[in-house]
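Examination of the molecular architecture
In case you want the letters, here they are:
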Amino acid sequence: MDNRFSQPTPSEATTVSTEPALPDQPVTWKDFVTLAKPGILRSNLIATFGGFWLASGWNVNYIHLIWTLLGTMLVMASSCVFNNYFDRDLDTKMTRTQDRVLATRRVSPHIVLWYAIILGVLGIAVLTLFAGLLAVAFGILGMFVYVVIYTLWLKRSSTWSTSLGGISGAMPPVIGYVAVTHQVDLGAWLLFAMLFLWQPPHFWALGIRRVEEYRAAGFPLLPVVKGIKRTKYQMLPYIALLIPIPILMYVYNYTGIIFMIVSLVLSVLWFGMAVAGFRKQDNDKWAKTAFIFSINYLTISFIMMIIDTVHHS
């Protein structure tokens with residue numbers, strides 16, 4: 001769920017913001033947009049669109065699509081605002097997050113909490129009315145995992161935060177898919193697997209780059225607790241398990257051979273890059289390359305999946 005972060009160099013100092021909010025920093029509508037993490041929303045809406053398109057087989061009901069995207073966006077935005085609300089004290093400890101609205105106390109936490117609740121209620125209502133109860137169930141599951149399991153529990157206590165937190169990041173394409181099919185079949189599982197397996201190696205590459213920043217902030221991320229070498233080993237099975245997904249999507253007639261070839265080549269290249277990470281080299285440079293490749297992997301794979309979706313008669 002994390003191709004949306006700006007990237008400071010490891011040499012940047014981690015500082016705690018102790019400055020009070022300045023009176024010349026008024027709250028604007030942009031602050032409320034930022035609280036919803038628009039970068040996360042954009043990438044996950046593409047995934048939702050991909051799931052909806054795959055299930056539709058080019059026979060797309062565009063009104064249905066728009067409502068599904070709106071409901072999913074509101075639910076995801078609610079989750080992100082809840083995340084900002086509960087992380088407001090931790091955000092002051094990291095360079096990347098210490099300028100966030102709540103960390104600088106520009107907005108009252110009480111207002112942000114109500115903002116999160118209203119977005120969530122609206123999102124669930126839209127999905128209920130226009131996408132079906134199965135889409136609602138997956139939306140609520142995604143919220144619960146991201147807000148409760150990831151934000152409130154594992155992020156603060158366990159290296160499992162990245163792996164299990166990936167469940168929430170894998171929900172958007174599934175929501176899009178079941179909004180059309182109203183059932184959980186192999187296509188839904190393959191979309192879930194694609195996003196779920198992609199997230200840990202993607203985020204761990206970022207974690208390796210910022211390991212000292214996470215260590216200073218007290219986050220038990222895998223590279224902090226187990227070390228960089230162990231993290232590199234942990235990335236391998238996730239990337240390897242991505243390799244059969246495009247094959248299965250082709251064999252079971254969800255996508256054509258072009259998607260299979262492109263996504264397969266990308267998966268093998270990513271795996272080779274992960275293996276190459278064990279050679280003696282600059283870990284920061286390698287992790288940056290792997291992180292950027294992971295973003296391109298997902299973007300290109302989803303674009304090709306949409307273009308090469310099998311037409312339904």
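Everything in this summary refers to the structure shown in the same document. (Residues numbered from 1 in each chain as written. Predicted model: local features only at pLDDT ≥ 70, side-chain atom pairs only at ≥ 80, totals over all residues. Heavy atoms only, no water.)

All right, on to the overall build of the protein then. Tallying secondary structure elements over the protein gives 14 helices and zero strands in all. In sequence order, the secondary structure elements of the protein are arranged as α-α-α-α-α-α-α-α-α-α-α-α-α-α. Burial statistics for the protein: of 313 residues in total, 55% are counted as buried. A sequence separation of at least 24 residues applies to 78% of the contacts in the protein between residues at least 6 apart. Accessible surface, the protein as shown: approximately 14,000 Å² in total, 68% of it carbon and sulfur. (Helix = DSSP H or I, 4+ residues; strand = E, 2+ residues; numbered from the N terminus. Buried < 20%, exposed > 50% of the residue type's maximum accessible area, 1.4 Å probe, protein only. Contact = heavy atoms within 4.5 Å. Areas by Shrake-Rupley, 256 points an atom, 1.4 Å probe, with all protein chains shown as cover.)

Enumeration according to the criterion identifies five salt bridges in this entry. The partner of Lys 155 in a salt bridge is Asp 87, with the nearest N and O atoms 2.5 Å apart. A residue pair is termed long-range when its members are at least 10 positions apart, and Lys 155 in helix 5 (residues 133-157) and Asp 87 in the loop between helix 3 (62-86) and helix 4 (109-130) qualify at 68 residues. The pair Lys 155 / Asp 87 is uniform in exposure class, with both members buried. Across the pair Arg 209 and Asp 284 runs a salt bridge whose closest N-O atoms are separated by 3.2 Å. You can see Arg 209 sitting in helix 8 (residues 186-209) and its partner Asp 284 sitting in helix 14 (residues 283-307), a full 75 residues away along the chain. (Salt bridge = Lys/Arg side-chain N within 4 Å of Asp/Glu carboxyl O.)

Right, let's get into the environment of Glu 212. Along the chain, Glu 212 turns up in helix 9 (residues 211-217). Placed 11 residues apart in sequence, Glu 212 and Pro 223 show a C-alpha to C-alpha distance of 9.3 Å.

Moving on, we get to the nonpolar core. Judged by nonpolar contacts, the single largest core of 85 residues is most densely connected at Val 81, Tyr 177, Met 249 and Tyr 297. For Tyr 177, the residues in contact, after removing those within four places along its chain, are Gly 51, Phe 52, Leu 54, Ala 55, Gln 183, Asp 185, Gly 187, Ala 188, Leu 191 and Tyr 254. (Core = buried A, V, L, I, M, F, W, Y, C linked by side-chain atoms within 4.5 Å.)

On to unusual backbone geometry, then. Backbone geometry at Lys 37 places phi at a positive 55 degrees, although glycine is not the residue there. Considering the arrangement of structural elements, one finds Lys 37 in the loop between helix 1 (29-35) and helix 2 (38-56).

A separate point is the packing of helix 3 against helix 4. Axis separation between helix 3 and helix 4 bottoms out at 8 Å; the angle between their running directions is 155 degrees. Relative to helix 4, helix 3 is oriented roughly antiparallel. Relative to helix 4, the crossing made by helix 3 is left-handed. Tallied by class, the residues present in the contact of helix 3 with helix 4 amount to 19 nonpolar, seven polar and no charged. (Axes fitted to C-alpha atoms, helices over the stretch in contact; angles between N-to-C directions. Parallel < 35°, antiparallel > 145°, perpendicular 65-115°, else oblique. Left-handed = near helix turned anticlockwise from the far one by under 90°. Nonpolar A, V, L, I, M, F, W, Y, C, P; charged D, E, K, R; others polar.)

By the definition in use, this model includes 14 aromatic pairs. Seen in terms of ring centroids, Phe 32 and Tyr 115 are 5.3 Å apart; in terms of plane orientation they differ by 85 degrees. Their pairing is edge-to-face. Here Phe 32 is found in helix 1, whereas its partner Tyr 115 is found in helix 4, with 83 residues between them in sequence. Residue classification places Phe 32 among the partly exposed positions, given a relative accessible area of 25%. One cation-aromatic arrangement involves Arg 88 over Tyr 85; the distance from NZ or CZ to the ring centre is 4.4 Å. (Phe/Tyr/Trp six-rings, centres within 6.5 Å; stacked < 30°, edge-to-face > 60°. Lys NZ or Arg CZ within 6 Å of the ring centre and 35° of its normal.)

Taking 1.5 Å as the rise per residue, helix 11 (residues 228-242) with 15 residues should run 21 Å; its terminal C-alpha atoms sit 22 Å apart, in good agreement. Every buried residue of helix 11 is listed here: Thr 231, Lys 232, Met 235, Leu 236, Tyr 238, Ile 239 and Leu 242. Residues of helix 11 that are buried make contact with helix 6 (161-169), helix 8, helix 10 (222-225), helix 12 (244-251), helix 13 (257-276) and helix 14. (Expected span 1.5 Å × (residues − 1).)

On the secondary structure map, Lys 232 appears in helix 11. Buried Lys 232, no salt bridge; nearest opposite-charge side chain is Asp 282, N-O distance 8.8 Å. With residues up to four places along the chain from it excluded, the contact list for Lys 232 reads Ile 208, Gly 277, Phe 278, Asn 283 and Trp 286. (Lys, Arg positive; Asp, Glu negative; His and termini not counted.)

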